[in-house]
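Listed below, chain by chain, are the residues.
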Amino acid sequence: MSRYLNKKIQMIAPSGIRKFSEMAAGVPGVISLGVGEPDFITPWHIREEAIYAIEKGRTYYAPNLGLPELRQEICNYYQRRFGCSYDWQRQCLVTVGASEAIDLCMRTMLDPGDEVILLSPCYVAYTPSVQLADGVVRYVNLKEEDHFKLTPEALEAAITPKTKMLFLNFPSNPTGGIMSKEDYAKLVPIIKKHDLVVLSDEIYAELTYDGHFCSLASFKEIKDQVIILNGFSKAYAMTGWRVGYILADSDIIKAMIKIHQYAIMCPSIISQYAAIEAARNGDNDCVIHKESFMARRNYVVNNLNRIGLECHMPQGAFYVFPSIKKTGLSSEDFCEKLLFEAKVAVVPGSAFGESGEGHVRISYAYSIEQLKEALSRIEKFLKQFA
Amino acid sequence: MDDVKLLKILEKDPRISTKDLADILDESENNILEVKNRLEKNKVICGYHTVINWDKTNCDRVQAIIEVSAKTERDKGYDDVAMRIARFPEVKSLYLMSGKNEFMVLIDGKTMREIADFVGQKLAPLEGVMSTVTCFVLKQYKIEGVVIDEERFEDQRQIVTP
């Protein structure tokens with residue numbers, strides 16, 4: 001019945017991650033290093049709070065913006081952790097994960113033909129969400145030698161008279177790259193000069209390893225132009241709860257509500273009660289998760305370099321993005337061969353955009369034992385290319 | 001290198017290899033060995049123990065927690081009497097406590113009788129010990145941070161897009 005489908009949806013390509021995970025699921029004994037979610041179970045004090053909410057009969061709709069208590073806690077959290085202050089009554093909106101937040105931003109901000117600058121490689125949902133909102137994607141290719149940071153020269157070169165929005169994601173999925181305060185400071189005058197709206201997907205903020213996370217919104221001179229997207233999934237291991245949020249200027253939030261209230265109404269109230277507990281008492285969970293990921297990052301990167309898949313030490317998220325160029329294979333061929341010959345599933349870099357070609361994304365959100373086994377399989381597999 | 005990071009890993013897994021420790025801490029193996037030796041020598045690392053659920057073996061074993069009220073001595077405080085208690089091999093752990101009684105003593109024995117004898121004949125008569133309250137352990141649910149018989153969660157992550 002595809003003749004009934006609209007043209008826009010027919011143009012959207014299926015996700016490269018999905019293709020691989022499904023292929024991997026069909027291989028017995030496979031170890032998958034493809035999953036983009038923490039391996040922790042949500043901390044017990046957070047789960048317990050949701051159980052309590054159910055016991056107390058807190059099972060009604062929540063306000064469209066989100067529970068007032070949750071919005072207060074989110075704003076307190078951003079102030080406490082990252083030094084950015086927002087008015088919980090007018091500048092905060094609770095969404096169904098950061099995923100809804102991305103879609104909401106695009107649909108609220110873009111007119112047909114508006115250009116959005118995306119960093120390549122980038123998370124697979126960004127391109128379709130721009131296209132579905134009739135925006136036009138322009139990529140800035142990030143380079144490995146810059147540690148996948150956005151340079152002012154590259155940004156300036158991508159801006160045209162039609163550019164409306166810049167979409168950032170640091171720490172980055174899939175590269176693990178980050179932007180420091182100094183890195184951002186060089187972009188701020190350009191953002192100001194061209195009056196860009198900046199979407200900053202800060203979902204991996206708590207997983208910044210060797211330095212402190214810097215939010216673009218901490219630059220006062222462009223704070224009004226910045227829309228922060230974040231959520232509870234990665235920092236607190238709360239992926240299944242689906243709670244994200246947007247922090248932005250009140251005019252923008254007011255406009256977003258028009259879509260959010262009709263399309264979503266509100267995220268699950270039970271999840272919102274759990275999120276209140278996370279934001280209020282969960283700082284230590286973030287630290288525990290971060291330390292655990294950091295240990296595994298070091299383990300994986302040191303081993304990858306030893307067995308000949310070169311990569312630098314990524315500073316954030318839970319991915320490494322090693323180059324596979326010396327095998328002479330394309331990313332897809334490498335991943336397929338690795339899957340069927342060595343029974344290890346990783347995601348081809350090309351799934352994240354053309355400039356991801358020649359790389360693979362390895363998630364290290366797995367136990368050291370699983371990583372050890374996977375790495376030893378990869379090592380054997382690589383011998384044929386030596 | 002951050003000693004605390006090394007210690008936290010060893011606390012969870014004392015059997016971890018030096019190579020894995022080096023990779024995890026992003027240090028050289030030699031460096032790891034050096035620091036580990038120093039920590040052992042300085043008694044920061046006091047031992048490497050195994051968490052055992054003795055209930056699952058056919059070995060008879062009884063545990064008790066004993067509160068001990070004790071008298072402090074001039075110039076010595078509680079340290080002398082504490083050392084006299086600690087030297088008994090039956091004593092597994094010993095703490096000076098705030099609250100009603102001075103010491104908390106964890107005892108391992110084969111039978112209740114054995115523990116009763118120890119308290120009556122060894123612990124209570126010690127110089128400085130005023131009185132004891134013996135509480136026998138009925139069942140263990142969690143030892144050293146490990147919940148006994150807890151259902152192990154397999155990786156429940158689903159195949160998702162994106």
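Residues numbered from 1 in each chain as written. Chains lettered and ligands numbered in written order. Predicted model: local features only at pLDDT ≥ 70, side-chain atom pairs only at ≥ 80, totals over all residues.

**Regarding the overall build of chain A**
Note the threshold: The way it works is that DSSP assigns letters per residue, a run of H or I at least four long becomes a helix, a run of E at least two long becomes a strand, and they are numbered from the N terminus. Using C-alpha atoms as the atom set, the radius of gyration is obtained and then compared with a globule rule of 2.2 Å times the number of residues to the power 0.38. A residue is called partly exposed when the number of other C-beta atoms within 10 Å of its own lies between 12 and 20, exposed at 12 or fewer, and buried at 20 or more, with C-beta atoms placed from the backbone. Whether two residues are in contact is decided by their C-beta atoms, placed from the backbone, lying within 7 Å.
Each helix and strand counted, chain A has 14 helices and twelve strands in total. Relative to a compact globule of 386 residues, whose C-alpha radius of gyration would be 21 Å, chain A shows 21 Å and is just as compact. Counting only residues that meet the buried cut, chain A has 51% of its 386 residues in that class. The long-range fraction of contacts in chain A, counting pairs at least 24 apart against all pairs at least 6 apart in sequence, stands at 76%.

**Observations concerning the overall build of chain B**
The number of helices and strands found in chain B is five helices and six strands. Counted from the first residue to the last, chain B has its helices and strands arranged as α-α-α-β-α-β-β-α-β-β-β. In terms of overall dimensions, chain B is more spread out than a globule: its C-alpha atoms have a radius of gyration of 21 Å, far above the 15 Å expected for 162 residues. Summarising its shape, the C-alpha atoms of chain B cover approximately 65 × 40 × 30 Å along the three principal directions. Each of the 162 residues in chain B was classed as buried or not, and the buried ones make up 14%. Put simply, of all contacts in chain B between residues at least 6 apart along the chain, 56% involve residues at least 24 apart.

**Quick look at the interface of chain A and chain B**
Rules: Any residue that is not Ala, Val, Leu, Ile, Met, Phe, Trp, Tyr, Cys, Pro, Asp, Glu, Lys or Arg is counted as polar, Gly included; the first ten are nonpolar and the last four charged.
Contacts between chain A and chain B engage 18 residues on the former and eleven residues on the latter. Elements with a contribution of two residues or more to the side of chain A that touches chain B: α2 (16–25) and α12 (283–307) of chain A. Partitioned by chemical class, the residues of the side of chain A that touches chain B number nine nonpolar, five polar and four charged.

**A few points about unusual backbone geometry**
Look at the link from Phe170(A) to Pro171(A): it is a cis peptide, with omega at -10°. Relative to the helices and strands, Pro171(A) is located in the loop between β5 (163–168) and α8 (181–193). Cis geometry is found at the peptide bond from Asn173(A) to Pro174(A), where omega equals 15°. Residue position: Pro174(A) is located in the loop between β5 and α8. The phi angle at Asp134(A) is positive, at roughly 65°, despite the residue not being glycine. Turning to its location among the elements, Asp134(A) is positioned in the loop between α6 (126–132) and β4 (136–141). Positive phi is not limited to glycine here, since Asp75(B) has a value of about 70°.

**A word on the pairing of strand β7 (residues 226–231) of chain A**
Of all six residues in β7(A), six are buried, a share of seventy percent or more. Residues Val226(A), Ile228(A) and Asn230(A) point to one face of β7(A) and Ile227(A), Leu229(A) and Gly231(A) to the other, with burial holding for every one of them.

**A look at the domain arrangement of chain A**
Often, the extent of an interface is quoted as the loss of accessible area on bringing the components together. Residue and element names in this part refer to chain A. We count it as follows: Domain start and end points were adopted from an automatic or database domain assignment.
Looking at chain A, the domain boundaries give domain 1 (2–42 + 285–381) and domain 2 (60–282). Computed from C-alpha coordinates alone, the two centres of domain 1 and domain 2 are separated by 24 Å. Listed by partner, the interface residues are 37 residues for domain 1 and 34 residues for domain 2. For the side of domain 1 that touches domain 2, the secondary structure elements donating two or more residues are α1 (7–11), α2, α12 and β9 (319–320). The leading source of residues in the side of domain 1 that touches domain 2 is α12, at seven residues.

**Quick notes on the nonpolar core**
The criterion, for reference: The term nonpolar core refers to a group of buried residues, namely Ala, Val, Leu, Ile, Met, Phe, Trp, Tyr and Cys, whose C-beta atoms join them within 7 Å.
Core analysis: the biggest nonpolar cluster contains 130 residues, and Val198(A), Ile227(A) and Ile246(A) have the highest contact counts within it. Beyond its immediate sequence surroundings of up to four residues, Ile246(A) is in contact with Leu93(A), Thr95(A), Ala101(A), Leu104(A), Ile227(A), Ile228(A), Leu229(A), Ile253(A) and Met256(A). Counting residues in each nonpolar core, the second largest holds 14 residues, with Val81(B), Ala82(B), Phe103(B) and Val105(B) among its members.

**Looking at the sheet that holds strand β12 (residues 360–363) of chain A**
All names here are of chain A. Put simply, the rule is: Strands were regarded as paired on the criterion that DSSP finds at least two bridges between them.
Across the sheet, three strands lie side by side as β9-β12-β11; this open sheet has antiparallel pairing. Edge strands, defined here as strands with exactly one partner in the open sheet, are β9 and β11 (347–348). Two elements, β9 and β12, share two bridges in a ladder whose sense is antiparallel. Directly across from tyrosine 319, in β12, lies its bridge partner serine 363.

**Observations regarding the sheet that holds strand β4 (residues 129–136) of chain B**
All names here are of chain B. Applied cut-off: Interaxial angles span 0 to 180 degrees and are taken between N-to-C directions of axes, which are lines fitted to C-alpha atoms, for helices over the stretch in contact.
In space, the four strands of this open sheet follow the order β2-β3-β1-β4, with antiparallel pairing throughout. This sheet does not close on itself; its edge strands, each paired only once, are β2 (91–96) and β4. Looking at each pair of strands side by side, their axes are set apart by 20° on average, direction ignored. As defined by bridge partners, strand β1 (residues 62–70) adjoins strand β3 (residues 103–109) across seven bridges and the pair is classed as antiparallel. Paired with isoleucine 65 across the bridge in β3 is leucine 106. Lying over the sheet, helix α4 (residues 79–86) contacts β1, β2, β3 and β4, oriented at roughly 165° with respect to β2.

**Observations regarding the packing of helix α5 (residues 97–109) of chain A against helix α10 (residues 250–263) of chain A**
Residues and elements named next belong to chain A. Cut-off, in case you're wondering: Each angle gets one of four labels, with under 35 degrees taken as roughly parallel, over 145 as roughly antiparallel, 65 to 115 as roughly perpendicular, and the rest as oblique.
Direction vectors running N to C along α5 and α10 enclose 105°, while the axes themselves pass 9 Å from each other. Classed by the angle they form, the pair α5 and α10 counts as roughly perpendicular. Within the contact between the two elements, α5 uses Leu104, Arg107 and Thr108 and α10 uses Ile252, Ala255, Met256, Ile259 and His260. Here the residues of the contact of α5 with α10 are counted per class, giving five nonpolar, two polar and one charged.

**Some details on the environment of Leu382(A)**
Looking at the element boundaries, Leu382(A) is found in helix α14 (residues 368–382). Ignoring sequence-local partners within four residues, the contact set of Leu382(A) consists of Ile307(A) and Gly308(A).

**A closer look at helix α3 (residues 29–41) of chain B**
We count it as follows: To estimate the expected span of a helix, subtract one from its residue number and multiply by 1.5 Å.
Between its first and last C-alpha atoms α3(B) spans 18 Å; for 13 residues at 1.5 Å apiece the expected length is 18 Å, and the two agree. Looking one or two residues past α3(B), Lys43(B) carries a phi angle of roughly 60°, positive in sign.

**Looking at the packing of α12(A) against helix α2 (residues 18–25) of chain B**
Axis separation between α12(A) and α2(B) bottoms out at 6 Å; the angle between their running directions is 110°. In terms of orientation, α12(A) lies roughly perpendicular with respect to α2(B). Between α12(A), through Ala295(A), Asn298(A), Tyr299(A), Asn302(A) and Asn303(A), and α2(B), the contact on the second element is made entirely by Asp20(B), Asp23(B), Ile24(B) and Leu25(B).

**Points about the environment of Val160(B)**
Residue and element names in this part refer to chain B. Inspection of the secondary structure puts valine 160 in the segment after β6 (146–147). For valine 160, a count of 14 C-beta atoms within 10 Å puts it in the partly exposed group. As a C-alpha pair, valine 160 and aspartate 20 span 140 residues in sequence and 31 Å in three-dimensional space.

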